[in-house]
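Here are the chains, one letter per residue:
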Amino acid sequence: MALDETLREAIRASGIRIGTLARETRLSSPNLYAFARGQADLTLRTANVLAEYFHLRLMPVDDSVPTPKRRAGTIDVSPRR
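Residues numbered from 1 in each chain as written. Predicted model: local features only at pLDDT ≥ 70, side-chain atom pairs only at ≥ 80, totals over all residues. Heavy atoms only, no water.

The computed volume of the largest pocket comes to approximately 340 Å³. As for the largest pocket, its lining consists of 15 residues, of which Leu3, Leu56, Arg57, Leu58 and Met59 are closest to the centre. Of the residues forming the lining of the largest pocket, the biggest block, five residues, is contributed by helix 4 (residues 44-53). In terms of residue class, the lining of the largest pocket is made up of 11 nonpolar, two polar and two charged. (1 Å grid on protein atoms, 1.4 Å probe; cavity = no way out; pocket = protein on both sides within 12 Å on 5 of 7 lines; lining within 4 Å. Points joined across faces, edges and corners; volume = space filled by probe spheres on them. Helix = DSSP H or I, 4+ residues; strand = E, 2+ residues; numbered from the N terminus. Nonpolar A, V, L, I, M, F, W, Y, C, P; charged D, E, K, R; others polar.)

Attention now moves to the confidence of the model for the protein. Of the residues in the protein, 77% reach a pLDDT of 70 or more, and the chain-wide mean stands at 85. Within the protein, no element has a lower average pLDDT than helix 1 (residues 3-14), which sits at 94, and none a higher one than helix 2 (residues 18-25), at 97. (pLDDT = per-residue confidence, 0-100.)

Relative to the elements of secondary structure, isoleucine 11 occurs in helix 1. Note: C-alpha distance between isoleucine 11 and leucine 21 (10 residues apart in sequence) is 8.6 Å. Contacts of isoleucine 11, omitting those with residues within four sequence positions, involve Ile16, Ile18, Leu21, Phe35, Leu50 and Phe54. (Contact = heavy atoms within 4.5 Å.)

Before going further, it helps to spend a moment on the packing of helix 2 against helix 3 (residues 29-36). The packing of two helices is summarised by the inter-axis angle and the distance between the axes. At a minimum axis separation of 9 Å, helix 2 and helix 3 run at an interaxial angle of 130°. Here helix 2 is positioned oblique relative to helix 3, judged by the angle of their axes. Relative to helix 3, the crossing made by helix 2 is right-handed. Residues Ile18, Gly19, Leu21, Ala22 and Thr25 of helix 2 form the contact with helix 3, whose participating residues are Ser29, Leu32, Tyr33 and Ala36. In the contact of helix 2 with helix 3, the residues fall into six nonpolar, three polar and no charged. (Axes fitted to C-alpha atoms, helices over the stretch in contact; angles between N-to-C directions. Parallel < 35°, antiparallel > 145°, perpendicular 65-115°, else oblique. Left-handed = near helix turned anticlockwise from the far one by under 90°.)

What follows is about the pattern of salt bridges. Evaluated as defined, the whole model comprises two salt bridges. Among the ionic pairs, aspartate 4 bridges to arginine 8, the shortest N-O distance being 3.3 Å. Of this pair, aspartate 4 and arginine 8 are both found in helix 1, four residues apart, which corresponds to roughly one turn of the helix. You can call aspartate 4 partly exposed: its relative accessible area is 31%. Accessibility expressed as a relative area gives 12% for arginine 8, which makes it buried. Linking glutamate 9 and arginine 12 is a salt bridge whose minimum nitrogen-to-oxygen distance equals 3.6 Å. Separated by three residues within a single helix, glutamate 9 and arginine 12 lie in helix 1, roughly one turn from each other. (Salt bridge = Lys/Arg side-chain N within 4 Å of Asp/Glu carboxyl O. Buried < 20%, exposed > 50% of the residue type's maximum accessible area, 1.4 Å probe, protein only.)

Given below as structure tokens:
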């Protein structure tokens, strides 16, 4: 399921009114209404706020997600294991 579909489903399944959701998240009510009806997209910031509110996390579907390759002259800032 795509991220926007997951967020719309979370809004629907919660049963929370859009106005209440807007107040609790400090997001724009008109933007949330339009998004919930499928008439608008969200900014990444707004999607992140909603994901945190609904305790959702973006995770790879499986281990086939490619890892970025290092380029010559770059610094590896990944955590050491």
